[in-house]
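Letter by letter, the chains look like this.
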Amino acid sequence: MKSVILFSVALVFSALTNSALSAEKTGAEIAQSCTMCHGENGLSKMPGTPSLAGQSEIYLVNQLRHFRDGQRQHEQMSVIAKPLTNADIDKVSAWFAQFEVELKKR
Ligand code: HEC
């Protein structure tokens, strides 16, 4: 399991690194590399992985900058956030923040 996750992280990392070198990506395009863990549209079904859908944009921006710059550390997210530019972080955060989440009891 752990090696599968690390392999996934490596794939995402290389996808993000390549994307930084090629054309600019939209928030939706960047988000495609997040949803395998954070769930479709950022609604997580994976224990230990938080939902991003409907989070406030400023919160997401701050957390991603903290992962990238080392104030917040996590085995997977620190690697994933590394290649993101400020513009990437703004775009992907705005994309996940665009959703409104409705609550109901389980
Ligand atoms: C390999 C799985 C995986 C991928 C891919 C992934 N994440 Fe995460 N992410 C996690 C996990 C696990 C956490 C919880 C970290 C912790 O416990 O501190 C997390 C936490 C976060 C948080 C903090 C949320 C909070 O409520 O504190 C943000 C923001 C985030 N991820 C954004 C992203 C974005 C944007 C992408 C795509 C560029 C992405 N993640 C890709 C696994 C992943």
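For the structure itself, look to the data block above.
Residues numbered from 1 in each chain as written. Predicted model: local features only at pLDDT ≥ 70, side-chain atom pairs only at ≥ 80, totals over all residues.

Draft legend 1. Expanded view of the overall build of the protein. Scanning the protein from N- to C-terminus turns up six helices and zero strands. For the protein, the succession of helices and strands along the chain, N to C, is α-α-α-α-α-α. Counting the 106 residues in the protein, one finds 19% classified as buried. For the protein, the share of sequence-separated contacts (at least 6 apart) that also reach a separation of at least 24 residues comes to 60%. (Helix = DSSP H or I, 4+ residues; strand = E, 2+ residues; numbered from the N terminus. Buried ≥ 20, exposed ≤ 12 C-beta atoms within 10 Å, placed from the backbone. Contact = placed C-beta atoms within 7 Å.)

Draft legend 2. Representation of the site of the ligand in the model. Close to the ligand lie 22 residues; Cys 34, Cys 37, Pro 50, Gln 63 and His 74 are nearest. Residue assignment for the shell around the ligand shows that the elements contributing at least two residues are α1 (2-21), α3 (35-38), α4 (57-69) and α5 (77-81). Counting residues per element, the shell around the ligand draws most heavily on α1, at four residues. (Near = placed C-beta within 6 Å.)

Draft legend 3. Expanded view of the environment of Ala 31. In this fold, Ala 31 is placed in helix α2 (residues 27-31). Beyond its immediate chain neighbours, meaning those up to four positions away, Ala 31 contacts Val 92, Trp 95 and Phe 96.

Draft legend 4. Molecular detail of α4. Between its first and last C-alpha, α4 extends 18 Å over 13 residues, near the 18 Å set by a 1.5 Å rise per residue. Within α4 the residues assigned to the buried category are Leu 60, Gln 63, Leu 64, Phe 67 and Arg 68. Down the axis of α4, the smallest arc covering the buried residues is 135°, so these residues share one side. Within α4, the exposed residues directed more than 90 degrees away from the buried face are Ile 58, Tyr 59 and Asp 69. (Expected span 1.5 Å × (residues − 1). Arc of directions from axis to C-beta.)

Draft legend 5. Structural detail: the environment of Leu 60. Assignment of secondary structure puts Leu 60 in helix α4. Linking Leu 60 and Val 92, residues 32 residues apart in sequence, is a C-alpha distance of 8.8 Å.

Draft legend 6. Examining the environment of Gln 98 more closely. Tracing the chain through its elements places Gln 98 in the segment after α6 (86-97). Note on Gln 98: 14 C-beta atoms within 10 Å, which makes it partly exposed. Gln 98 sits 41 residues away from Glu 57 along the chain, and the two C-alpha atoms are 8.4 Å apart.

Draft legend 7. Structural detail: the nonpolar core. Within the largest apolar cluster, 13 residues are counted, with the highest numbers of intra-cluster contacts made by Leu 60, Leu 64, Ala 81, Leu 84, Ile 89, Val 92 and Phe 96. Elements represented by at least two residues in this core include exactly α4, α5 and α6. Per-element accounting of this core gives the leading share, five residues, to α6. Sequence-distant contacts of Val 92, defined by excluding residues within four places in its chain, comprise Gly 27, Ile 30 and Ala 31. (Core = buried A, V, L, I, M, F, W, Y, C linked by C-beta atoms within 7 Å.)

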